[in-house]
Amino acid sequence: MSIVRSKDGTQIGYEKTGTGPLLILVDGALCSRASGPMVALALPLAREFTVIRYDRRGRGESGDTAPYAVAREVEDFEALINAAAELPIDRLAVYEPPFIVDDSRPMPADYVARLNQLLAEDRRGDMVAMFMKSVQIPAFFVGLMRLMPVWKKLTAVANTLPYDIAILAGNQSGEPLSPDRWAAVTISTLVMDGGKSPAWMRHSAAALARVLPNAQHQTLPGQNHMFGAAALAPTLLEFFR
């Protein structure tokens with residue numbers, strides 16, 4: 001593992017594998033460098049790229065300097081690029097951005113307040129359970145997960161759930177995405193979803209591809225939100241080459 005310092009001094013832990021152009025993998029909610037789908041995805045990508053996996057702030061080996069702001073996560077990403085002595089980003093791939101663009105996934109109005117209250121009470125397990133319910137994971141499956149070793153890993157990073165919600169602010173209201181907000185993102189972008197994913201996730205991916213000036217949308221047959229590396233890697237390799 002290596003360490004880089006973000007602009008505010010926060011330690012960001014990362015590891016680098018492979019050779020070739022730089023490719024940075026960014027985890028979603030409740031995942032970290034050591035736990036999540038990026039672990040397996042990095043292996044095939046490292047055959048053609050220098051792949052960086054890192055702990056987003058508040059997870060794993062990375063620090064969590066208060067107060068949190070979305071801009072700090074952008075600075076963390078910039079620090080990784082600078083450490084690798086790379087040029088600015090020229091292509092972007094996104095898998096199932098968790099926006100809510102219609103009424104296919106209702107979001108409780110007090111969701112963020114409830115999440116922060118559970119965090120203040122150090123009820124991390126309940127935070128994870130509430131999050132999973134909000135993304136329409138069946139209650140019986142959540143109950144089973146509480147008995148599995150992975151539950152400890154999930155609760156360890158539950159404190160970062162409010163961060164993910166902050167990043168999505170304004171885009172989980174059930175309203176269409178505003179083209180004006182995304183007009184500046186002109187780099188070539190691949191927006192993907194899984195053929196077996198819930199409707200709200202597929203609607204979100206399609207909506208994002210429509211408002212980005214230079215985007216293409218691709219559905220991976222047979223995949224859901226927890227994609228298989230063997231299915232996603234070939235698509236990414238083709239796009240990034």
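Look up a bit, the structure's there.
Reading guide: rules and limits
Residues numbered from 1 in each chain as written. Predicted model: local features only at pLDDT ≥ 70, side-chain atom pairs only at ≥ 80, totals over all residues. Heavy atoms only, no water. Helix = DSSP H or I, 4+ residues; strand = E, 2+ residues; numbered from the N terminus. Expected span 1.5 Å × (residues − 1). Contact = heavy atoms within 4.5 Å. Patch = residues over 30% accessible without salt bridge, like charges linked within 9 Å, V, L, I, M, F, W, Y side chains within 5 Å. Areas by Shrake-Rupley, 256 points an atom, 1.4 Å probe, with all protein chains shown as cover. Salt bridge = Lys/Arg side-chain N within 4 Å of Asp/Glu carboxyl O. Buried < 20%, exposed > 50% of the residue type's maximum accessible area, 1.4 Å probe, protein only. Pairing = 2+ DSSP bridges. Axes fitted to C-alpha atoms, helices over the stretch in contact; angles between N-to-C directions. Core = buried A, V, L, I, M, F, W, Y, C linked by side-chain atoms within 4.5 Å. Parallel < 35°, antiparallel > 145°, perpendicular 65-115°, else oblique. Left-handed = near helix turned anticlockwise from the far one by under 90°. Nonpolar A, V, L, I, M, F, W, Y, C, P; charged D, E, K, R; others polar.

Draft legend 1. Focus on helix α10 (residues 229-240). Helix length check: α10 (12 residues) gives 16 Å between terminal C-alpha atoms against 16 Å at 1.5 Å per residue, within 8%. Considering only its buried residues, α10 is in contact with β3 (22-25), α1 (38-45), β5 (91-95), β6 (188-194) and β7 (215-220).

Draft legend 2. How the structure looks around a nonpolar patch on the surface. Taken together, the side chains of Phe140, Phe141, Leu144 and Met148 make up a nonpolar region of the molecular surface, amounting to roughly 410 Å² of accessible area. In this fold, Phe140 is placed in helix α5 (residues 139-145).

Draft legend 3. Fine view of the pattern of salt bridges. Per the stated rule, a full pass over the model turns up 17 salt bridges. Taking the shortest distance from any N to any O, the salt bridge between Asp55 and Arg33 comes out at 3.3 Å. Of the two residues, Asp55 sits in the loop between β4 (50-54) and α2 (70-83) while Arg33 sits in the loop between β3 and α1, which places them 22 residues apart along the sequence. Side by side, Asp55 and Arg33 carry an identical accessibility label, which is buried. Arg56 is the salt-bridge partner of Glu73, the closest N and O atoms lying 3.0 Å from each other. Taken as a pair, Glu73 in helix α2 and Arg56 in the loop between β4 and α2 lie far apart in primary sequence, 17 residues in all. Salt bridges sharing common partners tie together Glu15, Arg33, Arg53 and Asp55.

Draft legend 4. Local environment of the sheet that holds β7. On the basis of which strands lie adjacent, the open sheet formed by 3 strands has the order β5-β6-β7 and parallel pairing. Two strands lie at the open edges of the sheet, namely β5 and β7, each paired on one side alone. Across the sheet, the mean angle from the axis of one strand to that of its neighbour is 20 degrees, orientation sign disregarded. Most of the contacts of α10 go to β5, to which it runs at about 160 degrees, and overall it touches β5, β6 and β7.

Draft legend 5. Fine view of the nonpolar core. In terms of nonpolar packing, the biggest core is built from 22 residues, with Leu30, Leu115, Val128, Phe131, Met132, Trp151 and Leu154 touching the most fellow members. The set of elements that each furnish at least two residues to this core consists of α3 (111-120), α4 (124-134), α5, α6 (150-156), α7 (161-167) and α9 (199-211). The leading source of residues in this core is α4, at 6 residues. Once you skip the residues sitting within four places of it in the chain, Trp151 turns out to touch Gly125, Val128, Ala129, Met132, Val142, Met145 and Arg146.

Draft legend 6. Summary view of the packing of α3 against α4. In contact at an axis separation of 9 Å, α3 and α4 are set at 160 degrees when each is read in the N-to-C sense. Relative to α4, α3 is oriented roughly antiparallel. Here α3 and α4 pass one another in a crossing that is left-handed. The residues of α4 that touch α3, namely those facing Tyr111, Arg114, Leu115, Leu118 and Leu119, are Asp126, Met127, Met130, Phe131 and Ser134.

Draft legend 7. Main features of the packing of α1 against α10. Running from amino to carboxyl end, α1 crosses α10 at an angle of 45 degrees, the nearest separation of the two axes being 9 Å. One element, α1, and the other, α10, form an angle in the oblique class. In the packing of α1 onto α10, the handedness of the crossing is right-handed. Each of Ala40, Leu41, Pro44 and Leu45 in α1 lies in contact with α10, whose residues at this interface are Ala229, Leu232, Ala233, Leu236 and Leu237. Residues that form the contact of α1 with α10 fall into these classes: 9 nonpolar, no polar and no charged.

Draft legend 8. View of unusual backbone geometry. The linkage connecting Ala66 with the following residue, Pro67, adopts the cis geometry, with an omega of -5 degrees. When you line up the elements, Pro67 lands in the loop between β4 and α2. Here Asp122, not a glycine, exhibits a phi torsion of approximately 55 degrees, which is positive. Mapped onto the elements of the fold, Asp122 is located in the loop between α3 and α4. Of note in the backbone geometry, Gln136 takes a positive phi value of approximately 70 degrees without being a glycine. In this fold, Gln136 is placed in the loop between α4 and α5. Among the residues examined, Gln136 registers a relative accessible area of 39% and is labelled partly exposed.

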